[in-house]
Amino acid sequence: MKWLVVLIACCAFQLTKGASIERSVRGLSVSKVELTEFATTLWDRDDNRNATGDLLLDVGNYAGTTNTDQSPNNLFTKVSNSLLNGATYQSFLKLMDNYNPYTKQLETTSAEEDAEENDFIDAIMETRVMTYTLNFLINKDYVSSSTDLKAKLKNMWFKLYSRKTSYSTIDSSGFEHTFVGEIDSGSQKVTGFHNWVSFYEKEAVGEVNYYGWLSNPDPQLIGLSFTFHGYYKSISSLWVGCSPEFEMAMFTVCFMVRPNQNCNFAIDGNSMTIQTYTLYTDESLVGSAYPVA
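Residue positions are given per chain, counted from 1 along the sequence in the order it is written. Reporting in this predicted model follows two pLDDT cut-offs: at least 70 for local features of residues, and 80 or more for side-chain atom pairs to be given and counted; totals over whole chains, interfaces and linings ignore these cut-offs and use all residues. The side-chain figures draw on all heavy atoms in the structure; neither hydrogens nor water molecules are used.

Undergrad: Quick one: what's the story with the state of the cysteines, residue by residue and with numbers?
TA: When two cysteine sulfur atoms are found within 2.5 Å, that pair is recorded as a disulfide. Tallied over the entire structure, the rule returns one disulfide. Two residues, Cys254 and Cys263, share a disulfide whose sulfurs are 2.2 Å apart. Taking the sign of the S-S torsion, about -65 degrees here, the bridge from Cys254 to Cys263 comes out left-handed. Only protein chains enter the calculation, and the probe is 1.4 Å; a residue is then buried if its accessible area is under 20% of its type maximum, exposed if over 50%, and partly exposed in between. Of the residues examined, Cys263 reaches a relative accessible area of 0% and is grouped as buried.

In structure tokens, the structure reads:
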């Protein structure tokens, strides 16, 4: 597998300060070698990632920085039903319509939406990816049990909060920002939005317009720009084809062991980095998470 260099994705929210530490205070120290072993094993156990022929992409043209559409076609020209019909994909897709994309507008969680969040967590916990993740985090004293990990996933990703201190409205969550995408009501720009399934689903119904690639396109990772509901995202990055549980696992582990800093590892000899941020008022909640280089 070849990984490409991805441009850093800018995130419009307030972060905790002075948190660039080598060792997390939440559990045992985890080395880069251990993270590499974890990520490589996780990749090998991602049974629900795309197989040959599941995805076809039209990467189009270089987007540049002109805020104009350089690629007339959709990024995704084919995504197989057999891939999206998997249990973790189906439970993930049910979460896509649970959010208002605009910040400063109240977010609430209905009983049905709460159940959908729990169903998604239950579905990913049944996979080999999350079984391995659970054992890794138990061995490193970050969680004590499957029940503990489920509770932490629910809290860190789905608890609602205010995206900025200047916004009094409960308008966001780590999951919405990272996987679904938001439109900042102040800057009028797209923030977050780092998931290929969400991108495909929104592109298919005309909510996303792909502008083009920003770094050499690759089957598994791409730097790109696009609009979401007509609002511009100048620089973003997507893993393409990996399962929802793989991204949740990698982002969660990096959030726990390398909060507010680069989480460096390698997969198949290719150097990778994930950047995570805690929320400015609560370090147990995800502000954002995304792959960088």
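Undergrad: Please provide a residue-by-residue account of the environment of Gly287, values included.
TA: Counting through the fold element by element, Gly287 comes out in strand β10 (residues 282-292). Residues Gly287 and Phe255, spaced 32 residues apart in sequence, show a C-alpha to C-alpha distance of 9.7 Å. Strands here are runs of E lasting at least two residues and helices are runs of H or I lasting at least four, both read from the DSSP assignment and numbered beginning at the N terminus.

Undergrad: Just give me the short version of the sheet that holds strand β8 (residues 262-267), but keep the residues and values in it.
TA: Across the sheet, three strands lie side by side as β8-β9-β10; this open sheet has antiparallel pairing. This sheet does not close on itself; its edge strands, each paired only once, are β8 and β10. Each strand of the sheet is rotated relative to its neighbour by a mean of 30 degrees, with strand direction disregarded. Pairing of β8 with strand β9 (residues 270-279) involves six bridges; the strand directions are antiparallel. Bridge pairing links Asn264 to Thr273 in β9. We call two strands paired when DSSP finds no fewer than two bridges between them. Simply put, an axis is a line fit to the C-alpha atoms, just over the touching stretch for a helix, and the angle between two N-to-C directions goes from 0 to 180 degrees.

Undergrad: An account of the environment of Arg163 is requested, with residue identities and associated values reported.
TA: Counting through the fold element by element, Arg163 comes out in the loop between α6 (146-158) and α7 (174-180). The class for Arg163 is buried, based on a relative accessible area of 0%. C-alpha separation for the pair Arg163 and His177, spaced 14 residues apart in sequence, amounts to 9.1 Å.

Undergrad: Kindly report on the packing of helix α5 (residues 128-139) against α6, identifying the contributing residues and their values.
TA: Where α5 meets α6, the closest approach of the two axes is 10 Å, and the angle between their N-to-C directions is 100 degrees. Put simply, α5 runs roughly perpendicular to α6. Between α5 and α6, the residues in contact are Met130, Leu134 and Leu137 and Ser146, Leu149 and Leu153, respectively. In the scheme used here, Gly and all other residues not listed as nonpolar or charged are polar, with Ala, Val, Leu, Ile, Met, Phe, Trp, Tyr, Cys and Pro taken as nonpolar and Asp, Glu, Lys and Arg as charged. When grouped by side-chain class, the residues that make up the contact of α5 with α6 number five nonpolar, one polar and no charged. Any angle that is under 35 degrees is reported as roughly parallel, and any over 145 degrees as roughly antiparallel; angles of 65 to 115 degrees are reported as roughly perpendicular and all others as oblique. Residue contacts are defined here by distance: any two heavy atoms, one from each residue, within 4.5 Å place the two residues in contact.

Undergrad: Describe the environment of Ser185, and please don't skip the residues or the numbers.
TA: Checked against the element boundaries, Ser185 lands in the loop between β3 (182-183) and β4 (190-191). Taking the C-alpha atoms as reference points, Ser185 and Pro101, 84 residues apart in sequence, are found 9.7 Å from one another. Setting aside residues no more than four positions away along its own chain, Ser185 makes contact with Tyr102, Thr103, Lys104 and Tyr167.

Structural measurements only, silent on function.
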